[in-house]
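# Notes for the structure review
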Amino acid sequence: FFTIYGSAGFAGILISGFLFIAIGTKLMIMAKRLDATSFDEMNQYLFGPAVSKVVNVLMLIMLFGVTGVMLSGAGALFWEQLHLPFQAGILITLIITYLVMKKGIEGILWTNSLIVPIMIIFSVVLSFSMLDFSGGRQLFVEEDFTGHWKWIVSPFAYAAFNLTLAQAVLVPLSRQADDESVIKWGGFLGGLGLTFILLNSQYVLYSVPRVLSYEIPIAEIVGGLGIAVHYIFVLVIYGEIFSTLIGNIFGLAESLNKNVRLSNQMILLFLMAGSYLLSQVGY
């Protein structure tokens, strides 16, 4: 979304960061005022009763698809980075997911309060490690901005995709806030933190452009920084995968709970079983 456009990627990230803060906060304030408990209620307000049904189905498909991909990604991480069985990674992740999901929104909040600081610290460490490898590369190249128009569209596509899926957690999460000022500060600091991580990642990849030929370029950079950094990297990637996984399953469960006559426990087990089957397609 960003680094392929060179230095223009920095501007793209700043635009995305603004959109995350502005629209993410607006979304949560709107959800709190509506007292919405899931994204389907929010969509019904935004799009009306007829169109919202189509949007909700599309979101369910997207959330379930990404859930299967994340679960498969956990297995791939165990296999490629830790040299452990692919199925072991998936099953361990499912067990941890079940334990966290039993705690509901509190479990998700606790998990993210642990994962996010680790992500921020790692991105800073990685950026500092790149200072000697940037080769004095300019952070502003006029040709990057004028040579291609797609860099302007990219931040909007990135923010739209991520905020659409984030509804699954942001809407029910808004009900946990005592008042709107908490949401405003949370939206601002959360969006700022995400922008900071993106800018650090952009700087690392921009400093070593040759790694863009790899499927997971950050992994190639980390590989040359020692075994300790490598394992921290694995932990960070797993944390990113896991936080997305539990957020998606939570959103799916909250939506299905209103439309399916099954207990929360059964819905959770069905979602996990379905995600397991989907993950077998491979990452």
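Description of the structure in this document. (Residues numbered from 1 in each chain as written. Predicted model: local features only at pLDDT ≥ 70, side-chain atom pairs only at ≥ 80, totals over all residues. Heavy atoms only, no water.)

Here we come to the overall build of the protein chain. Looking only at helices and strands, the protein chain features ten helices and zero strands. Computed over the C-alpha atoms, the radius of gyration of the protein chain is 20 Å, within 12% of the 19 Å expected from 2.2 N^0.38 for a compact globule of 283 residues. Buried positions account for 47% of the 283 residues belonging to the protein chain. When contacts within the protein chain are restricted to residue pairs at least 6 apart in sequence, long-range pairs at least 24 apart make up 77% of them. Counting only carbon and sulfur atoms, one obtains 69% of the accessible surface of the protein chain, whose full area is about 14,900 Å². (Helix = DSSP H or I, 4+ residues; strand = E, 2+ residues; numbered from the N terminus. Rg over C-alpha atoms; globule rule 2.2 N^0.38 Å. Buried < 20%, exposed > 50% of the residue type's maximum accessible area, 1.4 Å probe, protein only. Contact = heavy atoms within 4.5 Å. Areas by Shrake-Rupley, 256 points an atom, 1.4 Å probe, with all protein chains shown as cover.)

In this section: helix 10 (residues 264-279). In this model, helix 10 (16 residues) spans 22 Å end to end at C-alpha, consistent with the 22 Å of a helix rising 1.5 Å per residue. Residues of helix 10 that are buried include every one of Ile267, Leu268, Leu271, Met272, Gly274, Ser275 and Ser279, and no others. End-on, the buried residues of helix 10 take up no more than an arc of 165°, which puts them together on one face. Of the exposed residues in helix 10, those oriented more than 90 degrees away from the buried face are Phe270 and Leu277. (Expected span 1.5 Å × (residues − 1). Arc of directions from axis to C-beta.)

A few words now on the pattern of salt bridges. If you walk through the whole model with that rule in mind, you get two salt bridges. The shortest N-O distance in the salt bridge between Arg33 and Glu180 comes to 2.7 Å. Of this pair, Arg33 sits in helix 1 (residues 8-34) while Glu180 is found in helix 7 (residues 180-207), placing the two residues 147 residues apart along the sequence. Here Glu180 falls in the partly exposed class, since its relative accessible area comes to 24%. (Salt bridge = Lys/Arg side-chain N within 4 Å of Asp/Glu carboxyl O.)

Together, Leu34, Tyr45, Leu46, Phe47 and Val51 line one region of the surface with nonpolar side chains, adding up to about 470 Å² of accessible area. Tallying contributions element by element places helix 2 (residues 39-81) first for the nonpolar patch, with four residues. (Patch = residues over 30% accessible without salt bridge, like charges linked within 9 Å, V, L, I, M, F, W, Y side chains within 5 Å.)

Considering all chains together, one arrives at nine aromatic pairs under this definition. Note on Tyr238 and Phe242: the rings are 6.2 Å apart at their centroids and 10° apart in plane angle, and the pair reads as stacked. Pair noted here: Tyr238 and Phe242 are both in helix 9 (residues 227-259), with a separation of four residues, about one helical turn. The class of Phe242 is buried, set by a relative accessible area of 6%. Here the aromatic cluster, defined as three or more aromatic residues joined through ring pairs, consists of Phe1, Phe2, Phe20 and Tyr158. (Phe/Tyr/Trp six-rings, centres within 6.5 Å; stacked < 30°, edge-to-face > 60°.)

Right, let's talk about the nonpolar core for a bit. Within soluble globular proteins, side chains that are nonpolar generally end up buried alongside one another. Phe122, Ile218, Val222, Phe242 and Ile249 are the most contacted members of the largest nonpolar core, which has 68 residues in total. Here this core takes 13 residues from helix 9, the largest share from any one element. Excluding anything up to four places from it in sequence, Phe242 contacts Thr93, Ile96, Thr97, Val100, Thr111 and Ile115. (Core = buried A, V, L, I, M, F, W, Y, C linked by side-chain atoms within 4.5 Å.)

The space that makes up the second largest pocket amounts to roughly 300 Å³. Contributing to the lining of the second largest pocket are 17 residues, with Ile115, Leu235, Tyr238, Gly239 and Phe242 lying nearest its centre. Looking at the lining of the second largest pocket, its residues break down into 15 nonpolar, two polar and no charged. (1 Å grid on protein atoms, 1.4 Å probe; cavity = no way out; pocket = protein on both sides within 12 Å on 5 of 7 lines; lining within 4 Å. Points joined across faces, edges and corners; volume = space filled by probe spheres on them. Nonpolar A, V, L, I, M, F, W, Y, C, P; charged D, E, K, R; others polar.)

Now for the side chain of Asn200. Relative to the helices and strands, Asn200 resides in helix 7. In this structure Asn200 touches Ser123, Val124 and Ser127, once residues within four positions along its chain are discounted.

Positive phi, close to 60°, is recorded for Asp35, a residue that is not glycine. With respect to the helices and strands, Asp35 occurs in the loop between helix 1 and helix 2. If you check the backbone angles, His83 has positive phi at about 60° while not being a glycine. Note that His83 resides in the loop between helix 2 and helix 3 (86-101). For His83, a relative accessible area of 65% gives the class exposed.

What follows concerns the packing of helix 1 against helix 7. Between helix 1 and helix 7, whose axes approach to 9 Å, the crossing angle comes to 155°. The pairing of helix 1 with helix 7 is recorded here as roughly antiparallel in orientation. Taken as a pair, helix 1 and helix 7 cross one another with a handedness that is right-handed. (Axes fitted to C-alpha atoms, helices over the stretch in contact; angles between N-to-C directions. Parallel < 35°, antiparallel > 145°, perpendicular 65-115°, else oblique. Left-handed = near helix turned anticlockwise from the far one by under 90°.)

Moving on to the packing of helix 9 against helix 10. Packing of helix 9 against helix 10 brings their axes to within 10 Å, and their N-to-C directions diverge by 130°. One element, helix 9, and the other, helix 10, form an angle in the oblique class. Once helix 9 is placed against helix 10, the crossing between them reads as right-handed. On helix 10, the residues touching Ile249, Leu252, Ala253, Leu256 and Asn257 of helix 9 are Asn264, Ile267, Leu268, Leu271 and Met272. Per-class residue counts for the contact of helix 9 with helix 10 are eight nonpolar, two polar and no charged.

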